[in-house]
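For reference, the chains in residue letters:
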Amino acid sequence: ALTEPVLSLRQRQRRVLAQTGLTLGALSRRGRLQAARIEVLGGHRPLAEIALDHGFHDQAHFTTAYRLWTGVTPGVDRRRASPDVVFLQDRSGWA
């Protein structure tokens, strides 16, 4: 039976980069941000708790990463997703 050779960490990093276009760190951060965004949009938990639960050092670190990823802060994103808010046109590009 053929078995795949064991890859070193660096070989795995290069393979992930080649397949996804992202480093392992960026891929991990994107996954954490995607999971956090579900909580931001779907609930009323404090943003600081969401940040800590998803591996960010604090709310400021989370807010900076979130804004770089989505173009808006978590608070703005949450307000936009509120059923009480009506927008004439979605300009975020994330709809």
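For every chain, the first residue of the written sequence is number 1, and numbering continues from 1 along that sequence. At least 70 in pLDDT is required for a residue's local features to be given in this predicted model, at least 80 for side-chain atom pairs to be given and counted, and no such filter applies to totals for whole chains, interfaces and linings, which use all residues. Each side-chain value is derived from all of the structure's non-hydrogen atoms; neither hydrogens nor water enter the calculation.

Student: Which residues make up helix H2 (residues 24-42), and what are the values?
Tutor: A turn of α-helix holds 3.6 residues, and therefore any two residues three or four places apart point the same way. Runs of H or I in DSSP of at least four residues are treated as helices and runs of E of at least two as strands, each being numbered from the N terminus. The span expected for a helix works out to 1.5 Å for each residue beyond the first. Between its first and last C-alpha, H2 extends 27 Å over 19 residues, near the 27 Å set by a 1.5 Å rise per residue. Against the buried residues of H2 lie helix H3 (47-53), helix H4 (59-70) and helix H5 (74-81). Contact criterion: two residues are considered in contact whenever any of their non-hydrogen atoms come within 4.5 Å of each other.

Student: Quick rundown of the pattern of salt bridges? Include the residues and the values.
Tutor: Every case where a carboxyl oxygen of Asp or Glu lies within 4 Å of a side-chain nitrogen of Lys or Arg is listed as a salt bridge. The tally for this structure, following the rule as stated, stands at four salt bridges. Its salt-bridge partner being Arg45, residue Glu39 comes within 2.3 Å of it at the nearest N-O pair. Of the residues examined, Arg45 reaches a relative accessible area of 28% and is grouped as partly exposed. Between Arg45 and Glu49 there is a salt bridge, and its shortest N-O distance comes to 3.4 Å. Residues joined by salt bridges that share partners form a network here, namely Glu39, Arg45, Glu49 and Asp53. For every residue, the accessible area (1.4 Å probe, protein chains only) is compared with the maximum for its type, and the residue is labelled buried under 20%, exposed over 50%, or partly exposed between those bounds.

Student: Talk me through the packing of H2 against H4; I want residue IDs and the actual numbers.
Tutor: When two helices pack together, you describe them by how their axes are tilted relative to each other and by the distance separating the axes. For the pair H2 and H4, the least separation of the axes is 11 Å and the interaxial angle reads 95 degrees. When the axis of H2 is compared with that of H4, the two are roughly perpendicular. Residues Arg30, Leu33, Gln34, Ala36, Arg37 and Val40 of H2 touch H4, and the partners they reach there are Phe62, Ala65, Tyr66, Trp69 and Thr70. Axis lines are fitted to C-alpha atoms, over the contacting stretch for helices. Their N-to-C directions set the angle, which ranges from 0 to 180 degrees. Any angle between 65 and 115 degrees counts as roughly perpendicular, while under 35 counts as roughly parallel, over 145 as roughly antiparallel, and the rest as oblique.

Student: Go over the nonpolar core, please, and point to the residues and values.
Tutor: Soluble, globular proteins show a tendency: their nonpolar side chains are buried together. Listed in full, the ten residues of the largest apolar core are Leu33, Ala36, Val40, Leu47, Ile50, Ala51, Phe56, Phe62, Ala65 and Tyr66. The set of elements that each furnish at least two residues to this core consists of H2, H3 and H4. The term nonpolar core refers to a set of buried residues drawn from Ala, Val, Leu, Ile, Met, Phe, Trp, Tyr and Cys, joined through side-chain atoms within 4.5 Å.

Student: Let's hear about the confidence of the model for the chain: which residues, and what values?
Tutor: Of all residues in the chain, 83% have pLDDT values of 70 or greater, and the mean over the chain is 85. Put simply, helix H1 (residues 9-20) is where the chain has its lowest mean pLDDT, 91, and H3 is where it has its highest, 97. pLDDT is a per-residue confidence score from the predictor, ranging from 0 to 100. Counting interchain partners and residues more than four positions distant, the pLDDT-below-50 stretch residues 85-95 has seven contacts.

Student: Go over the side chain of Thr63, please, and point to the residues and values.
Tutor: With respect to the element layout, Thr63 can be found in helix H4. For Thr63, a relative accessible area of 17% gives the class buried. Look past the residues within four positions of Thr63 in its chain and what remains in contact with it is Thr73 and Pro74.

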